[in-house]
Amino acid sequence: MIITIDGPAGTGKSSVAQLVAQRLGFDFLDTGAMYRAIGLEALRRQASLEDRRELTFVAQHLRIEFDWEKRPPAVKLNGEVVTHLLRSGEATRAASYVAVVPAIRELLVRQQQQIGRERPNLVTEGRDQGTVVFPKAEFKYYLDARPEERARRRTAQLRARGEIVDPAEILNQILARDQRDREREVGPLAIPRDARIIDTTALSQSDVVERIVAEVKRRG
Ligand code: DC
């Protein structure tokens, strides 16, 4: 059974998907981590982020694997565990360049579909999971929240990590990223036709998890 959870950044998708997977005993696939890993490798190789051919070359010459024994699964880049490096500001920025390259998206979509075949009980999280990667998924969710709330959550997260941040700047970044995500030609952020939309603005993380788990148990 495949459960897809899509939506913009800052909706709590990743934590929710992880917790839902835990509750149901499913595997959890963080597809953003794959874009981030390619971004990290591009930075390491000093590739030009504006150059789609260079980014594609980088993506074609690396290996991304998940260690499914770990919860959440560890991400390996050419055999090296890089999980802890993927959420840095630099890798985040690089990933947003990687995510607009059609050839890279095709490559990752195929890899994600392969993972779906190998690990058939999966909660997968991203932007295009219910629309492009697993259009026949049994359960599809789209999490959303007001941009101001997403900026507030992101600011709190970064501050907790000890970073100095300007909330207004974070909001601007979120709005700009939303626009890029929705307007790209391939695999844009979109609401799957048959998805249930959950507005998380006024909900706690556990409210969202409970709602999804209850529904899957009821109908699954
Ligand atoms: O969800 P995230 O912040 O880890 O995603 C990192 C980047 O990858 C972000 O720019 C959105 C992009 N992404 C995507 O385009 N498609 C996905 N399925 C997952 C992430």
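Here the structure is a predicted model, which is why all the values come from computation and not from measurement. Starting afresh in each chain, residues are numbered from 1 along the sequence in its written order. Thresholds applied to this predicted model are a pLDDT of at least 70 for local features of residues and 80 or more for the giving and counting of side-chain atom pairs; totals over whole chains, interfaces and linings are not thresholded and use all residues. Hydrogens and water are ignored here; the side-chain numbers use all heavy atoms of the structure.

Asker: Looking at this structure, I do not really get the site of the ligand. What am I missing?
Answerer: Whether a residue is near a molecule or strand depends on its heavy atoms: it is near if one of them lies within 4 Å of it. Taken together, 17 residues form the shell around the ligand, and within it Arg36, Arg105, Arg127, Asp128 and Arg184 come nearest. Here an oxygen atom of the ligand sits 2.7 Å away from a polar atom, N or O, in the side chain of Arg105. Polar contacts here mean pairs of N or O atoms no more than 3.5 Å apart (in protein, one a potential hydrogen donor and the other a potential acceptor; neighbouring residues in sequence count only if both atoms are side-chain atoms). Between the ligand and Asp128 there is a distance of 2.9 Å, counted from a nitrogen atom to a side-chain nitrogen or oxygen. Using a 1.4 Å probe, accessible areas were evaluated by the Shrake-Rupley method; residue-level cover was limited to the displayed protein chains. Taken by itself the ligand offers 450 Å² of open surface, and the protein chains cover 97% of this. Contributing elements (two or more residues each) for the shell around the ligand: helix 2 (31-44), helix 4 (89-98) and strand 6 (122-126). Residue contributions to the shell around the ligand peak at 4 residues, all from helix 2. Gly falls in the polar group here, along with every residue not listed as nonpolar (Ala, Val, Leu, Ile, Met, Phe, Trp, Tyr, Cys, Pro) or charged (Asp, Glu, Lys, Arg). Here the residues of the shell around the ligand are counted per class, giving 3 nonpolar, 5 polar and 9 charged. Helix and strand definitions follow DSSP, with helices as H or I runs of at least four residues and strands as E runs of at least two, each counted in order from the N terminus.

Asker: What exactly am I supposed to notice about helix 7 (residues 147-160) here?
Answerer: In an α-helix, one turn spans 3.6 residues, which is why side chains three or four residues apart end up on the same side. Here helix 7 spans 20 Å end to end across 14 residues, near enough to the 20 Å set by a 1.5 Å rise per residue. Note on exposure labels: buried denotes an accessible area under 20% of the residue type's maximum, exposed denotes more than 50%, and partly exposed covers the range between, all computed with a 1.4 Å probe on protein chains only. Those residues of helix 7 not exposed but buried are Glu149, Arg150, Ala151, Thr155 and Leu158. For this analysis, residues touch if any pair of their heavy atoms sits within 4.5 Å. Close packing links the buried residues of helix 7 with helix 8 (167-183). Here the expected length of a helix is defined as 1.5 Å per residue gap, with one fewer gap than residues.

Asker: Explain the sheet that holds strand 3 (residues 64-67) here, please?
Answerer: The strands making up a sheet associate through backbone hydrogen bonding, with each pair oriented either parallel or antiparallel. Two strands qualify as a pair provided DSSP detects at least 2 bridges between them. The 3 strands lie next to each other as 3-4-5, forming an open sheet whose pairing is antiparallel. What marks the edges here is a single partner per strand, and that holds for strand 3 and strand 5 (80-81). As judged from the 2 bridges shared by strand 4 (residues 74-77) and strand 5, these two strands associate in the antiparallel manner. Within strand 5, the residue paired with Lys76 across the bridge is Val81. Geometry is summarised by axes, namely lines fitted to C-alpha atoms with helices restricted to the contacting stretch, and by angles between N-to-C directions that run from 0 to 180 degrees. Here helix 2 sits on the sheet in contact with strand 3, strand 4 and strand 5, set at roughly 35° to strand 4.

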